[in-house]
Amino acid sequence: MGKLSKYRVPVINNLLPQEQLRSEFFRIAAEYAQDENSLFIVAIDGIDHAARANVSENTFLSALPNPEYLPENVKIVIAGQPKEDYRNYPEWLFNNEMGYVKEIHVPSILKSDIYSLVENKFPEMDNVFKNQLTNVVCRYADGNTLSAIFAVHEATQCNDIVALEQRLTDRKLSGNIQEYYKAIWDSAKAKFQIPFVDYKMAGVFAFFNEPLNEYKLQKIFSEEGISISVWRNVLKSMRPLLVETNGNYTILHNDIRVYLSRIIGRDNDWIEEVYSFLASYYINLSEEEKGYSYYNDVLRFLIYAKRASEFKNIFTPDFIISSFVYGIGINEIYSRANDFLKRTIDENVIDWEQMKCLAFGYLTIDQIEKSQNEIEGANFRTTNQYIPVNSYECYVKPLASWNSEIITSVLSLASDLIDNNHADRAEALLYNWFYDVTLEQIYDCVKVNDGNDDGWLSPEYRNIGNLIGKTACATQSTFLLKNLSELFQIAGINCS
């Protein structure tokens, strides 16, 4: 907080025009880098996704600053597909006469990479099959990573290599991944049997933020009269662009979402229509069916559907409390209330029912904050926190250097990941650090490197023991407990 004044950070950002916002950001970045005697690096991945969305002036592509005007101690690292395929990339990527841009070309996916994909997907198959499949995937993928991934997924739907080749040929899989998407989408479209449903289906997958199944699709598009069996076949026909888990389908890769967004394009009527379908679907859910996605998205869907005035039927004290319980931050709820207040005031005639709704809303938000402050240690709901990638997840220190601080830090990180719904990362972390390490070795590391002779009675050992127990149980990482009986003997504990 003490540095906000030093760097002259604008108090209210949303009052600044975009150009001034950008200027202020790079000024602050440069001053901070100078104080730290280092570079300030901004990293942006996947600019090809924005380029493929058929827009330029309305995305960050047009806002990327020309490197000629960047401060010396601020650098931007951008990543994406080769510029030759995307003419709507920033112009300075093509005209680099002054040498402000340094290009690094990442090689295409290698045969060994594809073999690893195959081995991971078909661990039970023999080497002959794996090599045959790798050769087929290499030929069709033509160096494109996404094409290789989809080809391996297609293999799971085929009985043999011959059937796979025929399937990849029919679906036009090649280095041009867009042709593959189009072939699958056209096949799915043919199953609708009703015209003008394709853009609606594309919009749902582009805009909806939860898994889909045939029952949800029938409810969303109840007016179309499409049967559940037809929706089920449509979803199946879109594999492997969609991945099925227990009857629910999700998009395999965000690139597919970009492709589907292009089908709707810039047709505002289509976009409003799809958002209206989604808003109506959410509004008609029963209380038992409502979850995080409902509380997070329903108001946004109403705005995009040009039905913002209907918020007064939804933004009730019960809705606000439930939103908070489901993990929507109190600042986000405030922001939504402020947005609707601005919309209400901007109308030619103020709707006093909307104002009354907002008044009750602000009182509810205020009471939630007061309750939190007044009740010591109160925790009304669990908010999952995103935990940035830690250096311990990137590399493992040599066993000889381990001490209680390092071991506790790794196990505490795993515990935090578990508590914030990142169990997969916790499991990988524990595997990388402890799979080949016994409890006896951990015991010895602390004893030797910390000079601790108090055994498991010491606070350090007891804390490590508690963390091992919690993380092993939560992630089913039983390897953490191997050689437990030998450790008991060393510690002088009788297990009989």
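Preceding block: the structure.
Residues numbered from 1 in each chain as written. Predicted model: local features only at pLDDT ≥ 70, side-chain atom pairs only at ≥ 80, totals over all residues. Heavy atoms only, no water.

Asks: Any chance you could explain the overall build of the chain here in plain terms?
Replies: Looking only at helices and strands, one finds 23 helices and 4 strands in the chain. Here the chain holds 496 residues, and the buried ones make up 39% of them. Once local pairs closer than 6 in sequence are excluded, the contacts in the chain between residues at least 24 apart make up 65%. With an accessible surface of roughly 28,300 Å², the chain has 50% of that area assigned to carbon and sulfur atoms. (Helix = DSSP H or I, 4+ residues; strand = E, 2+ residues; numbered from the N terminus. Buried < 20%, exposed > 50% of the residue type's maximum accessible area, 1.4 Å probe, protein only. Contact = heavy atoms within 4.5 Å. Areas by Shrake-Rupley, 256 points an atom, 1.4 Å probe, with all protein chains shown as cover.)

Asks: Where do I start with the packing of aromatic side chains in this structure?
Replies: Geometry of an aromatic ring pair is reported as the spacing of the ring centres plus the angle between the planes. What the rule picks out here adds up to 33 aromatic pairs. Ring geometry for Phe 208 and Tyr 281: centres 5.9 Å apart, planes at 75°, overall edge-to-face. One end of the pair, Phe 208, is in the loop between helix H9 (198-207) and helix H10 (214-220); the other, Tyr 281, is in helix H13 (residues 268-283), with 73 residues separating them in the sequence. The class for Tyr 281 is buried, based on a relative accessible area of 9%. For the pair Tyr 334 and Tyr 362, a centre-to-centre distance of 6.3 Å together with 35° between the ring planes defines the contact as tilted. Taken together, the positions of Tyr 334 in helix H16 (residues 330-346) and Tyr 362 in helix H17 (residues 352-374) put the pair 28 residues apart, joining distant regions of the chain. Of the residues examined, Tyr 334 reaches a relative accessible area of 23% and is grouped as partly exposed. Among the aromatic residues, ring-to-ring pairing joins Phe 207, Phe 208, Tyr 275, Tyr 281, Tyr 282, Tyr 294, Tyr 295, Phe 301, Tyr 304, Phe 315, Phe 319 and Tyr 326 into one connected group. (Phe/Tyr/Trp six-rings, centres within 6.5 Å; stacked < 30°, edge-to-face > 60°.)

Asks: Help me understand the side chain of Asn 73, please; the structure alone is not making it clear to me.
Replies: As for its placement among the helices and strands, Asn 73 is situated in the loop between helix H3 (47-52) and strand S2 (74-79). Since its relative accessible area comes to 19%, Asn 73 is described here as buried.

Asks: Any chance you could explain the pattern of salt bridges here in plain terms?
Replies: Considering all chains together, one arrives at 27 salt bridges under this definition. Between Arg 232 and Glu 214 there is a salt bridge, with the nearest N and O atoms lying 3.0 Å from each other. Of this pair, Arg 232 sits in helix H11 (residues 228-237) while Glu 214 sits in helix H10; the two residues are 18 residues apart in sequence, bridging distant segments of the chain. For Glu 214, a relative accessible area of 9% translates into the label buried. (Salt bridge = Lys/Arg side-chain N within 4 Å of Asp/Glu carboxyl O.)

Asks: How should I be thinking about a nonpolar patch on the surface in this particular structure?
Replies: The grouping of Tyr 292, Ile 321, Val 325 and Tyr 326 at the surface amounts to a nonpolar patch, some 370 Å² of accessible area in total. Its location among the elements puts Tyr 326 in the loop between helix H15 (317-325) and H16. For Tyr 326, a relative accessible area of 39% puts it in the partly exposed group. (Patch = residues over 30% accessible without salt bridge, like charges linked within 9 Å, V, L, I, M, F, W, Y side chains within 5 Å.)

Asks: I'm lost on the packing of helix H8 (residues 177-189) against helix H12 (residues 254-264) in this one. Help?
Replies: Relative orientation and spacing of two packed helices are given, respectively, by the angle between their axes and the distance between those axes. The geometry of H8 relative to H12 is characterised by a closest axis approach of 11 Å and an angle of 65° between their N-to-C directions. When the axis of H8 is compared with that of H12, the two are roughly perpendicular. Here H8 and H12 pass one another in a crossing that is right-handed. Contact with H8, carried on its side by Ile 177, Gln 178, Tyr 181, Lys 182 and Trp 185, involves Asp 255, Ile 256, Tyr 259, Leu 260, Arg 262 and Ile 263 of H12 and no other residues of that element. Classifying every residue of the contact of H8 with H12 gives 7 nonpolar, 1 polar and 3 charged. (Axes fitted to C-alpha atoms, helices over the stretch in contact; angles between N-to-C directions. Parallel < 35°, antiparallel > 145°, perpendicular 65-115°, else oblique. Left-handed = near helix turned anticlockwise from the far one by under 90°. Nonpolar A, V, L, I, M, F, W, Y, C, P; charged D, E, K, R; others polar.)

Asks: Can you walk me through H15 in this structure?
Replies: An α-helical turn contains 3.6 residues, so any two residues separated by three or four positions project in the same direction. Buried within H15 are the following residues: Phe 319, Ile 320, Ser 323 and Phe 324. Viewed along the axis of H15, the buried residues span an arc of 135°, placing them on a single side of the element. In the segment just after H15, Gly 327 is the residue with positive phi, at about 105°. (Arc of directions from axis to C-beta.)

Asks: Just checking my understanding: could you explain the side chain of Arg 336 for this structure?
Replies: The residue Arg 336 is located in helix H16 in this model. Ignoring any residue separated from it by four or fewer positions in sequence, one finds Arg 336 in contact with Tyr 295, Asn 296, Leu 299 and Ile 328.

Asks: So what exactly am I meant to see when it comes to the nonpolar core here?
Replies: Note that soluble globular proteins tend to have their nonpolar side chains buried in a common cluster. If you look at the biggest cluster of nonpolar residues, it comprises 85 residues, and the most contacted ones within it are Leu 133, Tyr 181, Met 201, Phe 205, Leu 278, Leu 299 and Phe 315. Grouped together as the second largest cluster of nonpolar side chains are 29 residues, Ile 406, Val 410, Leu 430 and Phe 434 included. (Core = buried A, V, L, I, M, F, W, Y, C linked by side-chain atoms within 4.5 Å.)

Asks: What exactly am I supposed to notice about the environment of Ile 228 here?
Replies: Tracing the backbone through its elements, the reader meets Ile 228 in helix H11. Exposure remark for Ile 228: the relative accessible area of 23% places this residue in the partly exposed category. The sequence separation of Ile 228 and Gln 218 amounts to 10 residues, and the corresponding C-alpha distance is 6.3 Å.

Asks: Sorry, what's going on with the packing of helix H5 (residues 127-141) against helix H7 (residues 161-170) here?
Replies: Put simply, H5 and H7 touch, their axes get as near as 11 Å, and they point 15° apart. Taken together, the axes of H5 and H7 lie roughly parallel to each other. Considering the relative orientation of H5 and H7, their crossing is right-handed. Judged by residue contacts, Phe 129, Gln 132, Leu 133, Val 136, Arg 139 and Tyr 140 of H5 engage Ile 161, Leu 164, Glu 165, Leu 168 and Thr 169 from H7. Of the residues that constitute the contact of H5 with H7, the class distribution is 7 nonpolar, 2 polar and 2 charged.

Asks: What is the right way to look at unusual backbone geometry in this model?
Replies: Residues apart from glycine generally show negative phi values, whereas peptide bonds are mostly found in trans. Between Arg 239 and Pro 240 the backbone carries a cis peptide bond, its omega angle lying at 5°. Residue placement: Pro 240 occurs in the loop between H11 and strand S3 (242-245). A positive phi angle, close to 60°, is found at Lys 172, a residue other than glycine.

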